[in-house]
Number of protein chains: 4
Amino acid sequence: GAHGKERSPNSHCTRCPISSQSPGDSKVVEDFRRRLKYFFMNPCEKYRARGRKPWKLMLQILKIAIITFQLVSFGLSNEMMVTFKEENLMVFKHLFLKEYKDQRVDRYAVYTKTDVYGHIYYVIDRNLTVGNHAYEKIEGEYTPLTLCQEFFRKGSISPGNDTFDIDPHVDKECISVYPLEPLENKTLSRDINFSLDFKRLLSVNIYLTLKAINLQTVRHHELPDCYAFSIIVGAGKNNHLLLFDSFVILACFTSLILCTRSVYKGSQLQFHYTAFFHTYFGKTVPWSERMEFVNGWYILIIVSDTLTIAGSALKIGIQTKDLTNYDVCSILLGTSTMLVWVGVIRYLGFFKKYNILILALRAAIPNVIRFSCCAGLIYLGYCFCGWIVLGPYHEKFRTLDKVTECLFSLINGDDLYSTFQKMREKRYMVWLFSRLYLYSFLSLFIYMVLSLFIALITDTYETIKVSFCINMA
Amino acid sequence: GAHGKERSPNSHCTRCPISSQSPGDSKVVEDFRRRLKYFFMNPCEKYRARGRKPWKLMLQILKIAIITFQLVSFGLSNEMMVTFKEENLMVFKHLFLKEYKDQRVDRYAVYTKTDVYGHIYYVIDRNLTVGNHAYEKIEGEYTPLTLCQEFFRKGSISPGNDTFDIDPHVDKECISVYPLEPLENKTLSRDINFSLDFKRLLSVNIYLTLKAINLQTVRHHELPDCYAFSIIVGAGKNNHLLLFDSFVILACFTSLILCTRSVYKGSQLQFHYTAFFHTYFGKTVPWSERMEFVNGWYILIIVSDTLTIAGSALKIGIQTKDLTNYDVCSILLGTSTMLVWVGVIRYLGFFKKYNILILALRAAIPNVIRFSCCAGLIYLGYCFCGWIVLGPYHEKFRTLDKVTECLFSLINGDDLYSTFQKMREKRYMVWLFSRLYLYSFLSLFIYMVLSLFIALITDTYETIKVSFCINMA
Amino acid sequence: GAHGKERSPNSHCTRCPISSQSPGDSKVVEDFRRRLKYFFMNPCEKYRARGRKPWKLMLQILKIAIITFQLVSFGLSNEMMVTFKEENLMVFKHLFLKEYKDQRVDRYAVYTKTDVYGHIYYVIDRNLTVGNHAYEKIEGEYTPLTLCQEFFRKGSISPGNDTFDIDPHVDKECISVYPLEPLENKTLSRDINFSLDFKRLLSVNIYLTLKAINLQTVRHHELPDCYAFSIIVGAGKNNHLLLFDSFVILACFTSLILCTRSVYKGSQLQFHYTAFFHTYFGKTVPWSERMEFVNGWYILIIVSDTLTIAGSALKIGIQTKDLTNYDVCSILLGTSTMLVWVGVIRYLGFFKKYNILILALRAAIPNVIRFSCCAGLIYLGYCFCGWIVLGPYHEKFRTLDKVTECLFSLINGDDLYSTFQKMREKRYMVWLFSRLYLYSFLSLFIYMVLSLFIALITDTYETIKVSFCINMA
Amino acid sequence: GAHGKERSPNSHCTRCPISSQSPGDSKVVEDFRRRLKYFFMNPCEKYRARGRKPWKLMLQILKIAIITFQLVSFGLSNEMMVTFKEENLMVFKHLFLKEYKDQRVDRYAVYTKTDVYGHIYYVIDRNLTVGNHAYEKIEGEYTPLTLCQEFFRKGSISPGNDTFDIDPHVDKECISVYPLEPLENKTLSRDINFSLDFKRLLSVNIYLTLKAINLQTVRHHELPDCYAFSIIVGAGKNNHLLLFDSFVILACFTSLILCTRSVYKGSQLQFHYTAFFHTYFGKTVPWSERMEFVNGWYILIIVSDTLTIAGSALKIGIQTKDLTNYDVCSILLGTSTMLVWVGVIRYLGFFKKYNILILALRAAIPNVIRFSCCAGLIYLGYCFCGWIVLGPYHEKFRTLDKVTECLFSLINGDDLYSTFQKMREKRYMVWLFSRLYLYSFLSLFIYMVLSLFIALITDTYETIKVSFCINMA
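For clarity, every value in this text was computed on a predicted model and none was experimentally measured.

## Some thoughts on the overall build of chain A
Then comes step 1: Scanning chain A for helices and strands turns up 15 helices and 8 strands.
Then comes step 2: For chain A, buried positions account for 49% of its 473 residues.
Then comes step 3: Residue pairs at least 24 apart in sequence account for 67% of intrachain contacts in chain A once pairs closer than 6 positions are excluded.
Then comes step 4: Of the accessible surface of chain A, which amounts to about 23,500 Å², a share of 60% is contributed by carbon and sulfur atoms.

## Topic: a negative patch on the surface
Then comes step 1: The grouping of Glu462 of chain A, Glu462 of chain B, Glu462 of chain C together with Glu462 of chain D at the surface amounts to a negative patch.
Then comes step 2: Here Glu462 of chain B is to be found in helix H15 (residues 428-467).

## Overview of the nonpolar core
Then comes step 1: Counting 326 residues, the largest nonpolar core has Leu407 of chain A, Leu407 of chain B, Leu407 of chain C together with Leu407 of chain D as the members making the most contacts within it.
Then comes step 2: Sequence-distant contacts of Leu407 of chain C, defined by excluding residues within four places in its chain, comprise Tyr379, Tyr382, Cys383, Phe397, Tyr437 and Phe441 of chain C.

## Things to note about a nonpolar patch on the surface
All names here are of chain A.
Then comes step 1: Where nonpolar side chains cluster on the molecular surface, the patch consists of Trp287, Met291, Val294, Ile299 and Val303 and spans about 470 Å² of accessible area.
Then comes step 2: Contributions of two or more residues to the nonpolar patch are made by helix H8 (287-291) and helix H9 (296-321).
Then comes step 3: With respect to the helices and strands, Val303 occurs in helix H9.
Then comes step 4: The exposure class assigned to Val303 is partly exposed, which follows from its relative accessible area of 40%.

## Topic: the packing of aromatic side chains
Then comes step 1: Enumeration over the complete set of coordinates arrives at 60 aromatic pairs over all chains.
Then comes step 2: Seen from their ring centres, Tyr379 of chain D and Phe445 of chain D are 5.9 Å apart, and the 70 degrees between their planes marks the pair as edge-to-face. Within this pair, whereas Tyr379 of chain D is found in helix H12 (residues 352-390), its partner Phe445 of chain D is found in helix H15 (residues 428-467), the two being separated by 66 residues in sequence. Phe445 of chain D matches Tyr379 of chain D in its accessibility class, with the two residues each being buried.
Then comes step 3: When the ring centre of Tyr417 of chain D is taken as origin, the NZ or CZ atom of Lys396 of chain C, which lies over that ring, is 4.5 Å away.

## Points about the environment of Leu243 of chain D
Then comes step 1: One can find Leu243 of chain D in helix H7 (residues 242-281).
Then comes step 2: Note: C-alpha distance between Leu243 of chain D and Ile316 of chain D (73 residues apart in sequence) is 9.3 Å.

## Some points on a positive patch on the surface
All names here are of chain A.
Then comes step 1: Side chains of Arg33, Arg34, Lys37, Arg50, Arg52, Arg261 and Lys265 sit close together on the surface and give a patch of like positive charge.
Then comes step 2: With respect to the helices, strands and loops of the structure, Lys37 is situated in helix H2 (residues 27-39).
Then comes step 3: Since its relative accessible area comes to 59%, Lys37 is described here as exposed.

## Brief notes about the pattern of salt bridges
Residues and elements named next belong to chain A.
Then comes step 1: For the structure on display, the rule yields 28 salt bridges over all chains.
Then comes step 2: The shortest N-O distance in the salt bridge between Glu395 and Lys402 comes to 3.0 Å.
Then comes step 3: One continuous salt-bridge network, built from bridges that share partners, spans Glu395, Arg398 and Lys402.

## A look at the state of the cysteines
Then comes step 1: If you walk through the whole model with that rule in mind, you get 0 disulfides over all chains.
Then comes step 2: No disulfide involves Cys259 of chain A; its sulfur sits 11 Å from the nearest other cysteine sulfur, which is in Cys252 of chain A.
Then comes step 3: Cys259 of chain A sits in the buried class, given a relative accessible area of 1%.
Then comes step 4: For the unlinked cysteine Cys373 of chain B, the closest cysteine sulfur is that of Cys374 of chain B, found at 6.7 Å.

## Concerning unusual backbone geometry
Residue and element names in this part refer to chain A.
Then comes step 1: Unusually for a residue other than glycine, Asp415 sits at a positive phi of about 60 degrees.
Then comes step 2: Turning to its location among the elements, Asp415 is positioned in the loop between helix H13 (400-411) and helix H14 (416-421).
Then comes step 3: Asp415 gets classed as partly exposed once you look at its relative accessible area, which sits at 24%.

## With respect to helix H10 (residues 326-343) of chain D
Then comes step 1: If you check H10 of chain D, its first and last C-alpha atoms are 26 Å apart, about what 18 residues at 1.5 Å a residue would give, namely 26 Å.
Then comes step 2: Buried residues dominate H10 of chain D, accounting for 17 of its 18 residues.

## Some thoughts on the confidence of the model for chain A
Residues and elements named next belong to chain A.
Then comes step 1: Averaged over every residue, the pLDDT of chain A is 74; the share at 70 or more is 72%.
Then comes step 2: Averaged pLDDT values for the elements of chain A fall to 39 in helix H1 (residues 2-7) and rise to 90 in H13.
Then comes step 3: The low-confidence segment residues 1-23, where pLDDT is below 50, has 36 contacts with residues more than four positions distant or belonging to other chains.
Then comes step 4: Long-range and interchain partners of residues 218-240, a stretch whose pLDDT sits below 50, account for 52 contacts in this model, where long-range means more than four residues apart.
Then comes step 5: This complex was scored by the predictor with a pTM of 0.78 and an ipTM of 0.76.

## A look at the packing of helix H12 (residues 352-390) of chain A against helix H12 (residues 352-390) of chain B
Then comes step 1: The geometry of H12 of chain A relative to H12 of chain B is characterised by a closest axis approach of 10 Å and an angle of 60 degrees between their N-to-C directions. Put simply, H12 of chain A runs oblique to H12 of chain B. Here H12 of chain A runs over H12 of chain B; the crossing is right-handed. Of the residues in H12 of chain B, those touching H12 of chain A at Asn367, Arg370, Phe371, Cys373 and Cys374 of chain A are Lys353, Tyr354, Leu357, Ile358 and Leu361 of chain B.
Then comes step 2: In terms of residue class, the contact of H12 of chain A with H12 of chain B is built from 7 nonpolar, 1 polar and 2 charged.

## A closer look at helix H13 (residues 400-411) of chain C
All names here are of chain C.
Then comes step 1: With 12 residues, H13 ought to run about 16 Å at 1.5 Å a step, and its terminal C-alpha atoms sit 17 Å apart, in line with that.
Then comes step 2: Summarising burial for H13: 9 of the 12 residues are buried, a large majority.
Then comes step 3: All of the buried residues along H13 are Lys402, Val403, Glu405, Cys406, Leu407, Phe408, Ser409, Leu410 and Ile411.
Then comes step 4: One or two steps after H13, the chain reaches Gly413, where phi turns positive at roughly 80 degrees.

## Some thoughts on the packing of H12 of chain D against helix H13 (residues 400-411) of chain D
All names here are of chain D.
Then comes step 1: Closest axis-to-axis distance for the H12/H13 pair is 9 Å, and the angle between their directions is 125 degrees. Taken together, the axes of H12 and H13 are oblique relative to one another. Both H12 and H13 take part in a crossing whose hand is right-handed. Contacts between H12 and H13 involve Tyr379, Tyr382, Cys383, Phe384 and Trp387 on the former and, on the latter, Leu400, Val403, Thr404, Leu407 and Phe408.
Then comes step 2: Residues that form the contact of H12 with H13 fall into these classes: 9 nonpolar, 1 polar and no charged.

## A few points about the environment of His394 of chain C
All names here are of chain C.
Then comes step 1: Position of His394 relative to the elements: it lies in the loop between helix H12 (352-390) and H13.
Then comes step 2: Of the residues examined, His394 reaches a relative accessible area of 1% and is grouped as buried.
Then comes step 3: Separated by 368 residues in the primary sequence, His394 and Ser26 have C-alpha atoms spaced 76 Å apart.
Then comes step 4: If we ignore the near neighbours within four places in the chain, the residues touching His394 are Thr419, Lys422 and Met423.

Reading guide: rules and limits
Residues numbered from 1 in each chain as written. Chains lettered and ligands numbered in written order. Predicted model: local features only at pLDDT ≥ 70, side-chain atom pairs only at ≥ 80, totals over all residues. Heavy atoms only, no water. Helix = DSSP H or I, 4+ residues; strand = E, 2+ residues; numbered from the N terminus. Buried < 20%, exposed > 50% of the residue type's maximum accessible area, 1.4 Å probe, protein only. Contact = heavy atoms within 4.5 Å. Areas by Shrake-Rupley, 256 points an atom, 1.4 Å probe, with all protein chains shown as cover. Patch = residues over 30% accessible without salt bridge, like charges linked within 9 Å, V, L, I, M, F, W, Y side chains within 5 Å. Salt bridge = Lys/Arg side-chain N within 4 Å of Asp/Glu carboxyl O. Lys, Arg positive; Asp, Glu negative; His and termini not counted. Charge placed at Lys NZ, Arg CZ, Asp CG, Glu CD. Core = buried A, V, L, I, M, F, W, Y, C linked by side-chain atoms within 4.5 Å. Phe/Tyr/Trp six-rings, centres within 6.5 Å; stacked < 30°, edge-to-face > 60°. Lys NZ or Arg CZ within 6 Å of the ring centre and 35° of its normal. Disulfide = S-S within 2.5 Å. Expected span 1.5 Å × (residues − 1). pLDDT = per-residue confidence, 0-100. Axes fitted to C-alpha atoms, helices over the stretch in contact; angles between N-to-C directions. Parallel < 35°, antiparallel > 145°, perpendicular 65-115°, else oblique. Left-handed = near helix turned anticlockwise from the far one by under 90°. Nonpolar A, V, L, I, M, F, W, Y, C, P; charged D, E, K, R; others polar.

Shown next, in the form of structure tokens:
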């Protein structure tokens, strides 16, 4: 089997004669050995040994093709939708926000009372002109624009003498404004009577519903999507590809059943082997040897298939029943496709020279995890320390997860200079601390931890190469 | 003990039989050996050997939990405060600075006399409108806004014919302006008589005091903080968590005492051992062997505990007695938390496979420091050279500490291209020098120094692995 | 020959006596051996052995010089042209686009109907003033400015109630506007009758033709280029260097013939050798040994020469016959020059200590490719997964090739922090997924894959060094 | 001597008994051996052997201190001057350039005839108001502002029909404008009669002279600098530190003489040794052994001293005789200080464990240079290819030295993503080529070349460590 081969290709190695059994084995033992040997063969060897067609292998290859196709078509249609949404968002900002400008720093704030009123009236008075947008019409009548303010139920604050009296319950008050026909040349805001109590005010929101048709799809000879923009911009609807999704589910289901059967057969054989071993040698089989009967690649395929089935089912649901749980669907499909592609490494492992590399990586993992624990503790210590000391003075150390990301970026050589510079011109003690902190952290992680990682993996590779007697040069 | 184990796990190694003593040892020697052995056991082994409960270990684990909790709660409350302060700073800039715009280049300067007057009158005439801010009131009356100018006592400068006559003593002149009630619709600046003598002028400052209440905390059901914004924005006050801080101090104090006792016992044993060794073998114990009785981890815990106690005491002081030494407090608490987390590595060292990694890092440190000295000299030479030659032409080489940071960033792969580009279009000789300088520096440090670091650590790891007879694969 | 030497310098190595034949070889064998030996000599050795002048070597060195000269002169003239084009583009934007500003975000959009008309009339009314530009004149008369709109043949869209009725055929409608003499002080737009049907509109284009003369070349005593700017800015014309290009073609053609002859002779010798081997030893020559007769460097020279000839021919075509296939020409010339320079490594390989490095790189390639396959599969999996899940929320994951480039940049330490930050403030599940995704991907690739690459190449270098008995220190 | 010790510390190594001579050496030999031994001792050993005080060593240490002090004081005064110049430049831009704004993209261009006249009149009408600036006065009268235009002597260009007739001689025409007293409230531009011939125009320049006094130095109790801003902003003058510079020159001169003497003595000893060797053994001394008599560190000190003396002399010249060759001076002083600091490594080399690291670096250099040659050829090939193909489409590939810098940055992990992105939305063939180009270049250099560097240096380090029998762990 592929799996056993990967771990102990003893037959190729003259220095490790452990597997060669004494000649006095009875026929039962010989039979069991043959069964074991067949179990641990890879598909090609099975075909050569007993002529069994590698159906499972073919199914997997087919699966890779169709799952990738499904993902790509899903991704492309999403790409078009997202672009349409972003362009519209940009248009809405320019249409409804007074004096809005495209800037790198995307801050848009109002600082005085009169400005607040000015901006609200501006929104109300806009009429849509360019593009295929229109206010929603329900039964021939435009849906109104809604203007709401949230405020504390009761509140009197006088910061001047440090006192306040607030009822923390939040009230909400809304008024509706009906849009005019585009042709009418007058402004709505004149007729509105609306005042804000700034002392108690928490937030002001304006809700309106627009509709648009994505005509770009007409050129691609697809059915155009209709979008209803409300506060949460709604998702589009595609009415095709349902059949293909069902086919994907079918293929994955078949693969799932076949792999589960193999795992089941493996565990059965393991029980027989344990019993057999106990009978003949009077010893129990060690745990590590038992685990060799469970093929890790099958587990990977089972997980991947389960995710694909769940994801495809959800995708059908989204396209037919107006579910909008897009995120879960994409996470399921994305993860499964990733696993499917990682699984292809298994087939590369059938070649000896590829196998050594995969084994080296696998053998290095326990050491890498152990070392990551040690390094992780120092990392965590630095995170806490940086957060509490530099947080108030440095944008990148403001929250704990920002610190984690910032330090991770730093040890990989990103944004060092700007991180150093942003601490400039603060009080001297904090400035000095930040220098000690950054230089010590970076020297430690870039030079010592990274080098030890390289030492660990180089060592593991050498060990694996020697123990498998393989000449790679 | 943990410490001896870490350095000489000879018992596991058949190739190093040095520690096995000859059988003819007398009973006294045997007794002393047993004492020594017990001393160098780790907590788990001590529990197994004599049933001693690992109280100290438990205390340390408890300490990690409560110190981390203390730090996180401190950090979160600071986060909220800093955000509030920054938002207010932004609001104040928009309110009080004429024609202020959010920009990436945060420069705000005035270039003509009329502009200077214009900007000063603008500040005076602003009335606060949005947000929970108010001018400070003392005994029912608003505190005045103060407008001050600093100038040389006497001065006549005529750059036109290269002469000046200046009395370098600096005088200060202030006038007070009382704010109007928000309802009054007139401007203050009309009534002010204020003129600047630009020839002698050094600086103009306007001082005003505002108060605000952070209502965001009301929603989190905490007591809101009151802030008094003067020139240095004041710190907020929290009146809870005092009890918890006291508990932290108590735990750290207990830990501090226990560890000091252990260190004391270690040094006592070391004196006995030295005397004993001298008596029986007639030789003095080498210094390196004596140092093994001092457990480095205990020293780390003692330092960390001292810092925590000082930090927590200061924190209580800040919260009760209006101390505002926030920076010292956060540096103390942050450093101690970092050390506590780094200390957890000790417990990982109880497992053999983790231990090897920690030992490799520790063994590599002397070589790394030695090599850093050599590399540091070359680095220093480049710093001086870059500062003096490129300083006048390149923003990043302007000051010596900027050069240090810039070169450190460069060797870790940050901002190379932009550093190269900023030297463009200067006179040819300097341009050529900058190229030689940067290419030589980068090639030397990225390719040679970094590689030698890797060589050093790989070599140390191999040495440690061989000498401890541990198979990591 | 250079080639054989590179692979088996057995004569220098006392430990590998395979090549020393038994003394009983007949004269035929001895003769054939001498022929083989001569074939595998490098040019210097051939000169020393039989006095053959290294004409081919000299030709190659000449070729490197003239090809590099050709490329540099081609590049410099292109540089001047591109700068002129870019400066003019900038001028045109400022002249013809209303309220155009130099910005980092190069977006220029119009959001309302009145703005659309305003911008169109602005273009029409501009008269050229500064710089050496003029409207094209054909037979004494200015060519007109053309204003075209594209729209669906029939279309009624009402997004308000989700319906549309569109004939997807696209119609185009143009009007011509003749420019006025620069002296006339009136605006053209007043006389134009032009209206857009926004419901059906797809695009509006304005075409005009300008001419300019690049006077900068006058100062360099070159013939100035004339440019005709139409929608696609036309390429300039140089009328010299034709002779030099022909010379390059000639040199490359000679080199091409000589190298083809050598390859032919090599394959002939290989056939003789195979026959000879079969006759004397009764064995067939293995495939790998046969391949040693084909000198890889000659193949490289042949490919490079072919590309140079094609590129130079195309370049002559561009300069004489108004072909504008600039891209193909530059790709051909660029690639060939690159290959020529890479080919110089062959001559360095004549020195033994250089050779070892080249051999180490060559020996590492198969392993590197094998390992890249494995790593590539995991990489591909991550690409698909990132595209589908993060695509809608992150600019850098929008299209599949952007994902590839982004992940490639990340593992080389570029833009980590900003990639992390751009995922902020999205819904929690996607945020969490993005963190898991990025941390796992980066840890895997930066620490494990890169380290294994280093292990592979270090190992190959050691192997090569040992097997060639060369002391490098 | 230090030098011999560094190369062959054979005495510490039991495995290399080559240096132990046969016992039958005559007294002459023994004497010569003692002389040689003394020559190759380091200062400390010389002191221990014959009690010679290490005067030279002390002089070097003194030199390091004073040169560093000289450099730091020079650098600090330059820093202040540069800041003053930059702030004034900023002020001048805001004062004299119409509608100038602080921007990241520092482009300031004018596109129409009327704008050109507008901007020129704006400069003329400005009167200085804030800051210590004044127009230069010569003999009580303001120096005039000069307005010059350069144009071709004769020129008629009609791009419309591709013809031009130009006399390439350039004429220059200037007019003088006298500034008004600051009090007069009228504009100068009304009285000026000035017209530009745009067809023939090459450039327009306005020259004016301002003076300013840097009063910031008054506060530091230094003599203030006077600056004359003309087109090239003049350098300031300091009248102190002359004595110190002379002292530096003296110290360096002494050191220079002592080192030259040592080198001379070394070469004399080498001649004796060669003669002696020839007499007794009848063999000539190999070249490599001869070179050991020339101490590389002395050469470094001689070079550094020469540079310091030249630099200090120039610095005195700048401060006394109004030379403004600041760049040469700073390059001389900067380079010498760098060499002095690098020279400190020599003293670290007196300790054995430091020495090994220095030796490893030195031993690796030949291999690194050899390998850099090979890698450099591939690099050069890529540079040419990228320049010619991508130059017209990508800002970073525009000129050959930009390409070099861009590729160098890329292989060190800088700006990868943005380099990829800037090629977007060009014609497909070039886009595809750029991808192939970048991916192949980066994979080759980041993974293969860098790894081989690490392999080379790791290997050298191991070799050195083994051959010097030093245990570093």
